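# Close look at the chain arrangement
One letter stands for each residue in the lines below.
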Amino acid sequence: MELVLGPENLSVPFSFTIPTHLEDGSEVKRVGVYSSGGHDSGAMLCLILAELQATGRLDTVPVTAFTIVKGEGSTYYSQRVVDKVAEHFGVKVAHVNNLENNEPAYTDGRIGIVPIAKTWLENRHDMVLYMSINRMAPDDIRPFSQTLKIFYKDEKRLYKCPFLLLHKPQITDIYYKLGCEDIIPYTHSCTVQAVGRCNECYSCKEREWGFSALGKDFVDTIPPDIDDVSFGGTWRNPNR
Ligand SMILES: [Zn+2]
């Protein structure tokens, strides 16, 4: 699939294909994607299903979403996004939720290498895995002062990162270019509050920028419809 993403001043060509074979020559029979309930992993899931659809593989190559416990209600939001994307494309998407995170990554609000390596080991024989991580936009492009505290490594052996060098307005544009903007309200971005948004953290500011740069109205998160999603109903990681 070939797309042109972003507003005029940040426009980039974006090419996305799902390989038919893995590096070792074995056939790709399934696609896996890490899902956090956030804006980027929702776009990644939409992109994967749209590409399978465009190449006639939607009914033959099943997709599995993997969610590693991170806090901030991510397991709840992830389930919601996976269900909505599956409904949008009219397919079943398997969801392996609540995968145990490893310390100290968990206490930092990150996902650790242990569950990622385990997922790869268990599925590498026939699955290509995707993760929607990306780097912080440089100061001359980013219109806010908050910074991303985590520098994600590109673990090429364990997963593919098609979004690594994309900026938020470009990732946001994927939803619009694919006609998947109905999914956006089910995604949650704030890393400080599990319900609603603080409007101050990097993720809140970045989400806002995604829409404003594209000239789109801000799309907020639909509040959860249950009380207890994580950490015994407190919605807060007791270690942070
Ligand atoms: Zn926030």
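Provided above is the structure to which this section pertains.
All values derive from a computational prediction rather than experimental measurement.

Conventions used here
- Residues numbered from 1 in each chain as written.
- Predicted model: local features only at pLDDT ≥ 70, side-chain atom pairs only at ≥ 80, totals over all residues.
- Heavy atoms only, no water.
- Phe/Tyr/Trp six-rings, centres within 6.5 Å; stacked < 30°, edge-to-face > 60°.
- Helix = DSSP H or I, 4+ residues; strand = E, 2+ residues; numbered from the N terminus.
- Buried < 20%, exposed > 50% of the residue type's maximum accessible area, 1.4 Å probe, protein only.
- Lys NZ or Arg CZ within 6 Å of the ring centre and 35° of its normal.
- Donors = N, O, S within 2.8 Å, 3.2 Å for Na, K, Ca; no water.
- Tetrahedral: all angles 85-135°; square planar, octahedral: opposite > 155°, others 65-115°.
- Axes fitted to C-alpha atoms, helices over the stretch in contact; angles between N-to-C directions.
- Parallel < 35°, antiparallel > 145°, perpendicular 65-115°, else oblique.
- Left-handed = near helix turned anticlockwise from the far one by under 90°.
- Contact = heavy atoms within 4.5 Å.

## A word on the packing of aromatic side chains
- Across all of its chains, the model carries 8 aromatic pairs by this definition.
- Here the aromatic rings of Y34 and F66 are separated by 6.0 Å at their centres, their planes lie at 45 degrees, and the arrangement is tilted. You can see Y34 sitting in strand β3 (residues 30-34) and its partner F66 sitting in strand β4 (residues 63-68), a full 32 residues away along the chain. This pair shows no difference in class: Y34 is buried, exactly as F66 is.
- An aromatic cluster is built from Y34, F66 and Y159, whose rings are joined through pairwise contacts.
- Over the face of the ring belonging to F144 we find R142, whose NZ or CZ atom lies 5.7 Å from the ring centre.
- Taking the ring centre of W120 as reference, the NZ or CZ of R157 above it sits at 4.9 Å.

## Examining the coordination of the zinc ion
- Protein ligation of the zinc ion involves C190 (SG), C198 (SG), C201 (SG) and C204 (SG), the donor distances falling in the range 2.3 to 2.4 Å.
- Here the zinc ion binds 4 donor atoms, and the angle range of 103 to 116 degrees at the metal identifies the geometry as tetrahedral.
- Written as a sequence motif, the donor arrangement for the zinc ion is C-x7-C-x2-C-x2-C. With C190 in the loop between α4 (168-177) and α5 (202-214) and C201 in the loop between α4 and α5, this residue pair connects regions lying 11 residues apart in the sequence.
- Residue classification places C201 among the buried residues on the basis of a relative accessible area of 11%.

## Points about unusual backbone geometry
- Phi is positive for N98, close to 60 degrees, though the residue is something other than glycine.
- Along the chain, N98 falls in strand β5 (residues 93-99).
- Backbone geometry at N199 places phi at a positive 65 degrees, although glycine is not the residue there.
- By secondary structure assignment, the location of N199 is in the loop between α4 and α5.

## Observations concerning the packing of α4 against α5
- It is at 8 Å that the axes of α4 and α5 come closest, and there the two elements cross at 70 degrees. As the angle between them shows, α4 and α5 are arranged roughly perpendicular. In this structure, α4 crosses over α5, and the sense of that crossing is right-handed. On α5, the residues touching K168, P169, T172, D173 and Y176 of α4 are E206, R207, W209, G210, F211, A213 and L214.

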